[in-house]
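Residues per chain are reported as follows:
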Amino acid sequence: MPLLKKTLLATMMTASLIAGTVAQADEQLLIGSTSTSSSQYGYFVAVGQIINQHVEGVRASVVETGATVDNLRRILRNQVDMGLVTTNVGYHAYAGLGEFDGRPVDNRLLWVYSLAPQNLVIRQDAGVSSMEELDGVRLNPGITGSATEATTLAVMQALGLSPEYVRGSTTDVVAGVKDNRMAGYVKSGVGDKLDGSSMDIATFTPIQVLSLSDAQAAILREQMPDISVVDIPEGSAEGIPAYSTWSFGLAVHASPDMDDETAYQIVKAVMEHPEPQVSALANLADVNIAELTLKSGTVPFHPGAARYFEEQGYTIPEHLVPTE
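The written sequence of each chain sets the order in which its residues are numbered from 1. Since the coordinates come from a predicted model, pLDDT governs what is reported: local features require at least 70, and pairs of side-chain atoms require 80 or more to be given and counted, while whole-chain, interface and lining totals use all residues. Side-chain measures here rest on the full set of heavy atoms in the structure, leaving out hydrogens and waters.

J.: Would you mind showing me how to read the pattern of salt bridges here?
T.: Any two side chains of opposite charge can pair, given that their charged atoms come close. Any carboxyl oxygen of Asp or Glu within 4 Å of a side-chain nitrogen of Lys or Arg constitutes a salt bridge here. Across all of its chains, the model carries twelve salt bridges by this definition. Two residues, R167 and E149, come together in a salt bridge whose shortest N-O distance is 3.1 Å. Taken as a pair, R167 in the loop between β6 (164-165) and α6 (170-178) and E149 in helix α5 (residues 147-159) lie far apart in primary sequence, 18 residues in all. A 1.4 Å probe rolled over the protein chains alone gives each residue an accessible area, and that area as a share of the maximum for its type sets the label: buried under 20%, exposed over 50%, partly exposed in between. In this structure R167 comes out as partly exposed when scored by relative accessible area, which is 44%. Taking relative accessible area as the criterion, E149 reaches 11% and is therefore assigned buried. The partner of E311 in a salt bridge is R307, and the shortest N-O contact between them spans 3.5 Å. With E311 and R307 both in helix α12 (residues 303-311) and four residues apart, this pair spans about one turn of that helix. Judged by relative accessible area, E311 falls into the partly exposed class, the value being 45%. Among the charged side chains, a network of salt bridges with common partners joins E261, R307 and E311. Numbering of helices and strands runs from the N terminus; a helix is a DSSP stretch of H or I covering at least four residues, while a strand is a stretch of E covering at least two.

Structural data, given as structure tokens:
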């Protein structure tokens, strides 16, 4: 082969490799989730599969994180592109409220997929039968950096309760409750059912779920309008009676820097392929995610997400209209 042709061929091959490397880098998308022991982690694995199968040119990977607050910090540092963010903490971050006072995190709504009752799961032999008896009791308020943790702390303060807080990952906490090193923990439910980690504890020791009293529910409704008080019917797990607790929405938020077309294609794929999501979280079978999003979202839509909802004929509430 003549030298000129060899040189041109080598140049073309090098350029192709460089272009391929750049294209591959541009296609990578990181999704911040939560602990792998949580039922919610499986949901984000399903979302990643939907993106990889139905969004051309994008390759998604799910990252285990400390959930909402951790994901928001990672969005701020450009370490993840999108992820699990609860509706209440997402709003606090966007508006610069609470622990985000003076350092807001610009995050944009893609969709809301479920409501998350916060279950205060306690060993039956802990000597605690009501929330009024929690003072001094060893309690995990939620995994470190999660919305559950932040919300539990705010709820306990509003109710004037002072448990002895024990921090740790879900895996550590489940082991601690089983070993009776702590009385219990607060964990997001899966619809009207207890989380898988709570069911795991129940196989080793009898559990109970503490309920808000009517007076406590009234306090939370007055002082914490960013959360809801919900009534969970009997049967969240075998032998668990009906109870009242606090709740927020589970959502997927994105960095405002996400490309508009990418956000549009992701939302479109998720809305049009519910089966993997229902396989991950059975309670989603009866959920209209689009309507739940418009009802429960708390921060402005990403422009790409808004485009999809508008194309479907939905009217976007004023507080969800995209902003610059």
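J.: Would you mind showing me how to read the layout of surface pockets here?
T.: Think of a ball as big as a water molecule: rolled over the atoms, this probe shows where empty space is left. Using a grid of 1 Å spacing that covers the protein atoms alone, one calls a set of points a cavity when a 1.4 Å probe fits there but cannot get out, and a pocket when the set is open and has protein on both sides within 12 Å along at least five of seven lines; lining residues are those with an atom within 4 Å of a point. Grid points are joined across faces, edges and corners, and a volume is the space filled by probe spheres set on the points. Its volume calculated, the largest pocket comes out at about 330 Å³. It is α5 that contributes the most residues to the lining of the largest pocket, five residues altogether. In this classification, Asp, Glu, Lys and Arg are treated as charged, Ala, Val, Leu, Ile, Met, Phe, Trp, Tyr, Cys and Pro as nonpolar, and every other residue, Gly included, as polar. Of the residues assigned to the lining of the largest pocket, the class counts are nine nonpolar, seven polar and four charged.

J.: How should the nonpolar core be read in this particular structure?
T.: In globular proteins that are soluble, nonpolar side chains generally tend to be buried together. The term nonpolar core refers to a set of buried residues drawn from Ala, Val, Leu, Ile, Met, Phe, Trp, Tyr and Cys, joined through side-chain atoms within 4.5 Å. If you look at the biggest cluster of nonpolar residues, it comprises 56 residues, and the most contacted ones within it are I51, M82, L110, W111, Y113, I266 and F301. Considering every element that reaches this core, the biggest residue donor is helix α9 (residues 260-272), with seven residues. The next biggest cluster of nonpolar side chains, apart from the first, holds 22 residues, and it includes V128, M131, A158 and L212.

J.: Would you mind going over helix α8 (residues 214-223) with me for this structure?
T.: Given 3.6 residues per helical turn, the α-helix brings residues three or four places apart onto the same face. All buried positions along α8 are accounted for by Q216, A217 and L220. Looking straight down α8, one finds its buried side chains confined to an arc of 100°; they lie on one side. Opposite the packed face of α8, turned more than 90 degrees from it, sit the exposed residues D214, A215, R221 and E222. Its buried side turned inward, α8 meets α5, β9 (228-232) and β10 (243-254). Arc, as used here, means the arc of the directions from the helix axis to the C-beta atoms. The contact definition used throughout considers only heavy atoms, calling two residues in contact when any of these lie within 4.5 Å.

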